[in-house]
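The lines below spell out each chain.
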Amino acid sequence: MNDLTGEPVYLDHAATTPMVPAAIEAMTRHLSDVGNPSSLHASGRRARRVVEEARETIALALDCRPGDVVFTSGGTEADNLAVLGVLERRPGSAVCSAIEHHGAFFVDNLPHRSD
Ligand SMILES: Cc1ncc(COP(=O)(O)O)c(C=O)c1O
């Protein structure tokens, strides 16, 4: 509980975290846009431009290359991408503890051991 406001203090940022106002503003600016970034027509190219500009902004903030930034639809997809990517390069090299989030623990097609 916040002593000053009496409001509950949210601490579970590992599960989800409040968005900063700049992120909310950036997203809401495009929520009514129509366009599939994979489409070749004008609305698709506009959508692609927005995605690529976002990728470049994030890459700049993270000091990496835009090609290193991968957008996923959620946590489980990101877990799959990360764990299976490691396994592809180094088969048998991934270890997952029993306290891991289910999204990572049940990565598609990953053999599991309970010990
Ligand atoms: C590590 C991890 N994987 C997966 C998820 C699940 O995310 P989603 O529902 O977006 O797949 C979460 C959510 O908290 C998570 O923390």
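Cut-off values and rules
- Sequence order as written defines the numbering, with residues in each chain counted from 1.
- Owing to the predicted nature of the model, reporting of local features is limited to residues with pLDDT of at least 70; listing and counting of side-chain atom pairs is limited to 80 or more, with chain, interface and lining totals taken over all residues.
- To qualify as a helix, a DSSP run of H or I must reach at least 4 residues; to qualify as a strand, a run of E must reach at least 2; elements of each kind are numbered from the N terminus.
- Field definition: a residue is buried when 20 or more other C-beta atoms are found within 10 Å of its C-beta, exposed when 12 or fewer are, and partly exposed for counts in between, with C-beta atoms placed from the backbone.
- Throughout, a residue-residue contact means that the two C-beta atoms, derived from backbone geometry, are no farther apart than 7 Å.
- For each residue, a C-beta position is placed from the backbone atoms; the residue is near a molecule or strand when that point lies within 6 Å of it.
- Under the grouping applied here, Gly and all other residues not named as nonpolar or charged are polar, the nonpolar ones being Ala, Val, Leu, Ile, Met, Phe, Trp, Tyr, Cys and Pro and the charged ones Asp, Glu, Lys and Arg.

*Asks:* Just to check I follow, could you spell out the overall build of the protein for this structure?
*Replies:* Helices and strands together make up the secondary structure of the protein, namely 4 helices and 0 strands. Moving toward the C terminus, one meets the helices and strands of the protein in the order α-α-α-α. Dimensions along the principal axes, computed over C-alpha positions, put the protein at roughly 50 × 50 × 25 Å. Looking at the 115 residues of the protein, the share that counts as buried comes to 2%. Long-range pairs, those at least 24 residues apart, make up 19% of the contacts in the protein between residues at least 6 apart in sequence.

*Asks:* Any chance you could explain the environment of Gly 85 here in plain terms?
*Replies:* You can see Gly 85 is positioned in helix H3 (residues 75-89). The exposed category is assigned to Gly 85, around which 12 C-beta atoms lie within 10 Å. Once the C-alpha coordinates of Gly 85 and Gly 6 are considered, the two residues, 79 residues apart in sequence, prove to be 45 Å apart.

*Asks:* Is there a simple way to think about the site of the ligand in this case?
*Replies:* Surveying the vicinity of the ligand reveals the residues Ala 14, Ala 15, Gly 74, Gly 75, Thr 76, Asp 79, His 101, Gly 103 and Ala 104. Within the residue set of the shell around the ligand, elements represented by two or more residues are H3 and helix H4 (102-105). Classifying every residue of the shell around the ligand gives 3 nonpolar, 5 polar and 1 charged.

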